[in-house]
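Fold and geometry: a report
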Amino acid sequence: MPRRDHPHIDRRAAFKARQLQVITRVMMPLVFRSPQLQFATEPTAKPTTATVPTRHGPVRALVYAPTTGQNDKEK
């Protein structure tokens, strides 16, 4: 890729952005290989809405639960 210097782009900001790109490319595979990170492999039931009290006031949250068939498989 040819290097092009542009007068409106701050070199330090561009360098930091490039560093972030490189670090992300290296770190993302390590994060996604973690056994602690799991993605849903089966369909989930529709989420229910719950209100969680906080010191700043109530916050709405979506609660995802396994379907009835998934509960039976785990037992």
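So, a few notes on the structure that sits alongside this text. Just so it is clear, the structure is predicted and the values come from calculations on it, not from any experiment.

Thoughts on the overall build of the chain
When helices and strands are counted, the chain shows two helices and two strands. Each helix and strand of the chain, ordered N terminal to C terminal, gives the series α-β-β-α. Taken over 75 residues, the chain has a buried fraction of 1%. Contacts in the chain between residues at least 24 apart in sequence constitute 12% of all its contacts with a sequence separation of at least 6. Total accessible area computed for the chain in this model is approximately 7,700 Å², and 60% of it derives from carbon and sulfur atoms.

A look at the pairing of strand β2 (residues 59-63)
The pairing of strand β1 (residues 48-52) with β2 spans five bridges and is classified as antiparallel. Within β2, the position partnered with Thr51 by the bridge is Arg60. In textbook terms, the turn of a hairpin is the stretch between consecutive antiparallel strands, and for β1 and β2 this stretch comprises six residues, one of which, Gly57, has a positive phi near 120°.

What counts as what
- Residues numbered from 1 in each chain as written.
- Predicted model: local features only at pLDDT ≥ 70, side-chain atom pairs only at ≥ 80, totals over all residues.
- Heavy atoms only, no water.
- Helix = DSSP H or I, 4+ residues; strand = E, 2+ residues; numbered from the N terminus.
- Buried < 20%, exposed > 50% of the residue type's maximum accessible area, 1.4 Å probe, protein only.
- Contact = heavy atoms within 4.5 Å.
- Areas by Shrake-Rupley, 256 points an atom, 1.4 Å probe, with all protein chains shown as cover.
- Pairing = 2+ DSSP bridges.

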